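These are the residues of each chain, in order.
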Amino acid sequence: MKWMEEVNKEEGRYTNVLAFEDYMNLFEKNPQKEVRPSCVYLRDMFDYFGANANGSFKLFSREHADAPPVHGQVKTQRKIYQYLQNFVEEGYNNKFILLVGPNGSSKSSLVKKIMLSAEDYAATDEGSLFSFSWVFPIDQFVKGSLGLSGTLSDKNIHSYAFLEDKDISAIITSELKDHPLLLIPKKTRQSLIEKAFKNDQTKLETIRKSYLYNGDLSQRNRLIFDALLKSYKGNYQDVYKHIRVERLLINRRYSIGATTIEPQLHVDAHLQQITMDRRLASLPPSLQSLNLFSLSGEVVLANRGILEFSDLLKRPLDTFKYLLMTMESKTINLQGILTELDIFFIGSSNEIHFAAFKQHPDFNSFKGRFNFLRVPYLMSYKEEEKIYIEQISKLKEQATFEPHSLAALCLWSIMTRMRAPVSKNFKDEKLGKITEALNPLEKCLLYSDKETPDTIDSESRQILKMSVDEVFNEYENDSMYEGKFGISPREVKQIIYDLAYNHQNITFTEVMEYLKTLSDKKAEYDFLNISHQGDYHNPRRFIELIEEWCLDILDNEVRESLGLIDERSYEEYISRYIMSINAVIKGEKVKNNMTGKFEAPDSFFIKEFESNVHMNEAPEKFRSNLIARLGAYALDHRGKPIVYSDVFEDLVHLLQESFRKEQKKIIDKIGKNLVLYLAEKKDGSNHNLSQDAREPIENVIKTLQDKYHYSENGAISSLQHLLKLRYDNQK
């Protein structure tokens, strides 16, 4: 059976068992990989999967069957990585990371991605982890000094790690997944590490702070080790025969090195005596005389990995007070037994519970041992769109989301999470005034694309583009930060389901109509009760702004579909203007490319250009700002040719708009004929529509489908809506 061969090959990693001596050979070959506490291991995992150009980490966008990619949250990802770096410097995870944000802001999703990526990383050679178990053979393999009768059949066997089940009397696992290096006496272990890293003092200093350098075995393993050592009269080699080094594979589903504690009240760790367990009666008498305990619980399962406290602050505070000592000492006290831990602690809380927590008398005690990391809703509509792409794809058999419908919904969502800019919040007075004048749509586009409004002058656009981060961080330190309130992605997903249920073709028009109804449901959505501040916190105004934005895009698509394309070369047109005004400013002449002679700048051409871009400031100021922008661009792109249409992208848009106005009459005629075309299409009657009138209508519908990916019904519906709102014949 081929499938059996494939399964055996795939699952072959489970046969990865080593004798202790074999493991030490691995250590000698690559000591850096084997001497990694969890903080170093997870930091290396982040590095293994890599980072994107914007500073986000690829592990959060990896595909997992039960965990969709996490979009946005770049700042949060960077912070988590920074905390790991800090833990590496300290030598252990000395703080609890608490993700704080509104419900549905992807807190748990971030942790889930870290866990699943750790699971994948542990299955690679680079991320291999090891622990060990104790193996006790049946009587023919051991001497009577261990308390088992019989004679030794093979005195030269170097390890019991590879014995078959029939030759084994008992196996005791290491429930805390102790590291194999801890089996080496501390002084010898430290000497080995010192020797291995003698040429890298920086790494050595870091390792000296970790439990792998200074720590010891867990209590049960220490008792077993010492009892065996005593039985073997101090012969370490005989003790190590009982060690079976095993590959440690992190597994979130089975809580192996990746465990989640839900908010229900229960004990996170406890112990139970096992030496009275009849199942272990086959242990050597020298071990049966020991008081051996079995540890269990989520903390134990998560050791050497990740422990997540989901909705931590929903639990009574007394149930997690032990974390204060654990964060400080790396240990947990279980009925008097001090157990050393190596765990990356992370948890989540919503804003309501966190606000209450801050009022608790013990908050300051926790504050010193916690890193509070904010996880707001996304503030980029393009990142927000990515959340719903898969959902919409699954609904395509039921409903079609036409172009810009999802963008319209996401723009509205982002606007509900925004606050009105206030000029006094900015150090730069000019920037403050520019920002305060932005409407919610303009602020949205600035956040997502660094797009600046065409309605402001060129100097203001330049200031705004250079200060996007400052605008974005205006309320960073405010208790009512942007992204703390507003509609959640969970609620947006429900809106998408509702739209798909009620409509077969969903254009931005259907989205806007749905949002108009939702905007009246103040009892269901808290953010709708926030007082209006100009256009901000005004959901119906958001709808008006978004509808105009969508109509502008649709208008452009229709014009291009109709072939109403401006044939002018914008590059040549703009470069000629720039050279002309530069000559005017300097009092110089320009070269005529036709005659080769130097002539005075063409003042008629300059005025025509400035009229086409609807210049709204003094000519001298407008011209000097453009020359300054060109100079700044040249400094930032030394040695590269200047592409004027890229430098002055805003001028290109203004020239295109000027051309659109010239073509309005053509579209008016198309709109009038469309009424007849649709009437014929609906009832099959003849309305005497000529082929010359019919052809451009069919072309525009086909182009909207082929080039812009509308459905036929979506293209017709969108075209009708545009003509109704923008062109006289349908009003």
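This text follows the structure it describes.
All of the points below concern the structure found in this document. (Residues numbered from 1 in each chain as written. Predicted model: local features only at pLDDT ≥ 70, side-chain atom pairs only at ≥ 80, totals over all residues. Heavy atoms only, no water.)

## A closer look at the layout of surface pockets
Condition: Of the grid points, spaced at 1 Å and generated over the protein atoms alone, those admitting a 1.4 Å probe that cannot get out make up cavities, while open sets with protein on both sides within 12 Å along at least five of seven lines make up pockets; any residue with an atom within 4 Å of a point is treated as lining. Grid points are joined across faces, edges and corners, and a volume is the space filled by probe spheres set on the points. Only runs of H or I of at least four residues qualify as helices and only runs of E of at least two qualify as strands under DSSP, and these elements are numbered from the N terminus. The classification used treats Ala, Val, Leu, Ile, Met, Phe, Trp, Tyr, Cys and Pro as nonpolar, Asp, Glu, Lys and Arg as charged, and all other residues, Gly among them, as polar.
Size it by volume and the second largest pocket reaches roughly 1,300 Å³. Lys 75, Pro 376, Phe 472, Asn 473 and Glu 476 are the residues nearest the centre of the second largest pocket, which is lined by 40 residues in total. Only helix 5 (74-90), helix 15 (351-358), strand 13 (370-374), helix 20 (440-449) and helix 22 (468-472) provide two or more residues apiece to the lining of the second largest pocket. The leading source of residues in the lining of the second largest pocket is helix 5, at six residues. By residue class, the composition of the lining of the second largest pocket is 17 nonpolar, nine polar and 14 charged.

## Quick word on the packing of aromatic side chains
How we decide: When two rings of Phe, Tyr or Trp (its six-membered ring) have centres within 6.5 Å they constitute a pair, described as stacked for plane angles under 30 degrees, edge-to-face for angles over 60, and tilted for the intermediate range. Here, a charge over a ring is recorded when the distance from Lys NZ or Arg CZ to the ring centre is within 6 Å and its angle to the ring normal is within 35 degrees.
Considering all chains together, one arrives at 35 aromatic pairs under this definition. Residues Phe 96 and Phe 370 carry aromatic rings whose centres are separated by 4.7 Å and whose planes lie at 15° to one another, so their mutual orientation is stacked. With Phe 96 in strand 2 (residues 96-100) and Phe 370 in strand 13, the pair connects residues that are 274 residues apart, well separated along the chain. Three or more aromatic residues joined by ring pairs form one cluster here, namely Phe 96, Phe 309, Phe 320, Phe 345, Phe 354, Phe 357, Phe 363, Phe 366, Phe 370 and Phe 372. Across from the ring centre of Tyr 92, 5.0 Å away, lies the NZ or CZ of Lys 330, which sits over that ring. The ring of Phe 605 carries the charged tip of Arg 576 above its face, separated from the ring centre by 3.8 Å.

## Looking at the environment of Leu 228
Structurally, Leu 228 is set in helix 10 (residues 219-231). When the C-alpha atoms of Leu 228 and Pro 601 are compared, they prove to be 98 Å apart, with 373 residues separating the residues in sequence.

## Quick look at unusual backbone geometry
Peptide bonds are, in most cases, trans, and in most cases residues other than glycine have a negative phi. A positive phi is found at Lys 177, a non-glycine position, where the angle reads about 55°. Examined against the element boundaries, Lys 177 turns out to sit in the loop between strand 4 (168-173) and helix 7 (186-196). The backbone of His 709 sits at a positive phi, close to 70°, despite the residue not being glycine. Locating His 709 in the fold gives a position in the loop between helix 32 (691-706) and helix 33 (712-726).

## Re the sheet that holds strand 6 (residues 258-261)
Note on sheets: strands pair through backbone hydrogen bonds, and any given pair is parallel or antiparallel. Heads up, the condition is: When DSSP finds two or more bridges between two strands, those strands count as paired. To define axes, lines are fitted to C-alpha atoms, for helices over the stretch in contact only, and angles between the resulting N-to-C directions are given on a 0 to 180 degree scale. Note on contacts: a residue pair qualifies if any of its non-hydrogen atoms lie within 4.5 Å across the two residues.
The strand order across the open sheet formed by five strands is 6-9-12-2-13, and the pairing between neighbours is parallel. At either margin of the open sheet sits one strand with a lone partner, and together these are strand 6 and strand 13. Across the sheet, the axes of successive neighbouring strands diverge by a mean angle of 20°, strand direction being ignored. For strand 2 and strand 13, the ladder comprises five bridges, and the chain directions are parallel. Residue pairing in the sheet places Ile 97 in a bridge with Asn 371 of strand 13. The strands touched by helix 5 are strand 2, strand 12 (344-349) and strand 13; relative to strand 13, the strand with the most contacts, the crossing angle is about 165°.

## Quick word on a negative patch on the surface
As a reminder, the rule being used: Patch criteria: residues need more than 30% relative accessible area and no salt bridge. Like-charged residues are merged within 9 Å; nonpolar side chains of Val, Leu, Ile, Met, Phe, Trp and Tyr are merged within 5 Å. Reported accessibility uses the Shrake-Rupley method at a 1.4 Å probe radius. Residues are deemed covered only where the shown protein chains occlude them. Within this document, salt bridges are pairs made up of a side-chain nitrogen of Lys or Arg and a carboxyl oxygen of Asp or Glu, the two lying within 4 Å of each other. Charged residues are defined here as Lys and Arg on the positive side and Asp and Glu on the negative side; His and the ends of the chain fall outside this count. A charged residue contributes its charge at one atom only: NZ of Lys, CZ of Arg, CG of Asp or CD of Glu. Using a 1.4 Å probe on the protein chains alone, a residue whose accessible area is under 20% of its type maximum counts as buried, one over 50% counts as exposed, and one in between counts as partly exposed.
A cluster of acidic residues, Glu 451, Asp 454, Asp 646 and Glu 649, forms a negative patch on the protein surface. Within the fold, Glu 649 resides in helix 30 (residues 649-662). On the basis of relative accessibility, which here comes to 45%, the residue Glu 649 falls in the partly exposed class.

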